[in-house]
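Architecture and fold: a report
This is what each chain is made of:
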Amino acid sequence: MPLQNRVMPGGEIVDHASRGLMMGNRGCLHGQGRSLGVSRWRSKLWICCLLEFKGVQRDPMPPGRWTALFFLDEATALSAGHRPCGYCRRPDYLAFTQAWRAARQLPQRPLAPEMDAALHAERTDRSRRKLSYRAHVAELPDGVMVRLDGEPGLVIGGLVRPWSCRGYGPPVQAGPAEVLTPPSIVAAIVAGYRPLVHHSALAGDRPPGIRIQGGGQDPPARAGA
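Residues numbered from 1 in each chain as written. Predicted model: local features only at pLDDT ≥ 70, side-chain atom pairs only at ≥ 80, totals over all residues. Heavy atoms only, no water.

1. Some points on the packing of helix α2 (residues 90–104) against helix α4 (residues 183–190)
Packing of α2 against α4 leaves a shortest axis separation of 8 Å and a crossing angle of 95°. By the angle between their axes, α2 is roughly perpendicular relative to α4. Contact with α2, carried on its side by Phe 96, Ala 99, Trp 100, Ala 103 and Arg 104, involves Ser 184, Ile 185, Ala 187 and Ala 188 of α4 and no other residues of that element. Its residues placed into classes, the contact of α2 with α4 shows seven nonpolar, one polar and one charged. (Axes fitted to C-alpha atoms, helices over the stretch in contact; angles between N-to-C directions. Helix = DSSP H or I, 4+ residues; strand = E, 2+ residues; numbered from the N terminus. Parallel < 35°, antiparallel > 145°, perpendicular 65-115°, else oblique. Contact = heavy atoms within 4.5 Å. Nonpolar A, V, L, I, M, F, W, Y, C, P; charged D, E, K, R; others polar.)

What follows is the structure, encoded as structure tokens:
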């Protein structure tokens, strides 16, 4: 039976057999029997990591330590409110901080706690419900996640590709939509950050605003730090 550790674009954590291409964590969310409790985070530090880093293989749910969460791709993780890990994804982290700096016109790169605090305020409301806002799909950059008719999808080239735990469906046209990706991350993407996106999102020529990741079966479940 699959563990409850797969993250959806809206931030929900569900059980699904497919691991996806990336992992991350929000602290220790599970208890005995590897079942999740009520809490969906234990800190403001929500990161997105490599599945494999320096050959280290980790237990996805060690008792009392951390709960490994898995994402279809980075676009999904960003939509849920996670940012690149500064350890196992150092180049991506630096690119993200530079884009964050440019978007906010800061004099220097932001510190991780500063970004985490800003993102935490954009992820959920006081009732712990996912925060979102309305925008026209044509005005959004590639790599942003939206919700149409109650279902999540990825924006690429002004069209929306329906999201699933295993990949993306054929593109559909859309107008106004509910934007799931937090505003600060959308701004960073506009400023030049290029999210890693599952290969199933590629249709024809590769869009310049994203990076394609993966091309076959799900990678082995090796966890980065």
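2. Some words on the pattern of salt bridges
A complete count under the given rule lists six salt bridges for this structure. Here Glu 12 makes a salt bridge to Arg 147, at a shortest N to O gap of 3.9 Å. Separated by 135 residues along the polypeptide, Glu 12 in the loop between β1 (4–7) and β2 (13–15) and Arg 147 in strand β8 (residues 145–148) bring together distant segments of the chain. The exposure class of Glu 12 is partly exposed, given its relative accessible area of 36%. Across the pair Arg 89 and Asp 92 runs a salt bridge whose closest N-O atoms are separated by 3.0 Å. Here Asp 92 falls in the buried class, since its relative accessible area comes to 15%. Because the salt bridges share partners, they merge into one network encompassing Glu 12, Arg 147 and Glu 178. (Salt bridge = Lys/Arg side-chain N within 4 Å of Asp/Glu carboxyl O. Buried < 20%, exposed > 50% of the residue type's maximum accessible area, 1.4 Å probe, protein only.)

3. Let's talk about the sheet that holds β8
Here we have six strands laid out as an open sheet, ordered β7-β12-β8-β9-β10-β11, and antiparallel in their pairing. Of all the strands in the sheet, just β7 (133–136) and β11 (167–168) have a single pairing partner and so form its edges. (Pairing = 2+ DSSP bridges.)

4. With respect to α4
The α-helix winds at 3.6 residues per turn, so residues separated by three or four positions along the chain end up facing the same way. Three or more residues of α4 are buried, namely Ser 184, Ile 185, Val 186, Ala 188 and Ile 189. If you follow the buried residues of α4, they end up packed against α1 (74–80), α2, α3 (112–123), β7 and β12 (176–179). Positive backbone phi, approximately 130°, marks Gly 192, located one or two places after α4.

5. Section: unusual backbone geometry
A positive phi angle, close to 55°, is found at Gln 105, a residue other than glycine. Following the sequence through the fold, Gln 105 ends up in the loop between α2 and α3. Note on Gln 105: relative accessible area 73%, which makes it exposed. The backbone of Asp 149 sits at a positive phi, close to 50°, despite the residue not being glycine. Along the polypeptide, Asp 149 turns up in the loop between β8 and β9 (151–156).

6. Details of the packing of aromatic side chains
Aromatic rings considered in pairs are described by the distance between their centres and by the relative angle of their planes. Under the criterion given, the structure shown has two aromatic pairs. Ring geometry for Phe 96 and Trp 100: centres 5.9 Å apart, planes at 50°, overall tilted. Highlighted residues: Phe 96 and Trp 100, both in helix α2, separated by four residues, approximately one helical turn. Taking relative accessible area as the criterion, Phe 96 reaches 0% and is therefore assigned buried. Between Phe 96 and Tyr 193, the ring centres sit 5.3 Å apart and the planes meet at 90°, which makes this aromatic pair edge-to-face. With Phe 96 in helix α2 and Tyr 193 in the loop between α4 and β13 (196–198), the pair connects residues that are 97 residues apart, well separated along the chain. On the basis of relative accessible area, Tyr 193 is assigned to the buried category, the value being 3%. Positioned above the aromatic ring of Trp 46, the side-chain terminus of Arg 26 is 3.9 Å from the ring centre. (Phe/Tyr/Trp six-rings, centres within 6.5 Å; stacked < 30°, edge-to-face > 60°. Lys NZ or Arg CZ within 6 Å of the ring centre and 35° of its normal.)

7. What about the side chain of Glu 178?
Mapped onto the elements, Glu 178 comes out in strand β12. Within the structure, the side chain of Glu 178 is placed 2.6 Å from the side chain of Ser 132, a separation counted as a polar contact. When neighbours within four sequence positions are excluded, Glu 178 is seen to be in contact with Ser 132, Tyr 133, Arg 134, Met 145, Val 146 and Arg 147. (Polar contact = N/O pair within 3.5 Å; in protein donor to acceptor, adjacent residues only side chain to side chain.)

8. Topic: the pairing of β8
The sheet contact formed by β8 and β9 spans four bridges and is antiparallel. Bridging across to β9, Arg 147 finds its partner in Pro 152. Hairpin geometry of β8 and β9 is characterised by an intervening segment of two residues between the two adjacent antiparallel strands and by a positive phi of about 50° at Asp 149. Pairing analysis gives two bridges linking β8 to β12, with the strands arranged antiparallel. By the bridge assignment for β12, Arg 147 is matched with Glu 178.

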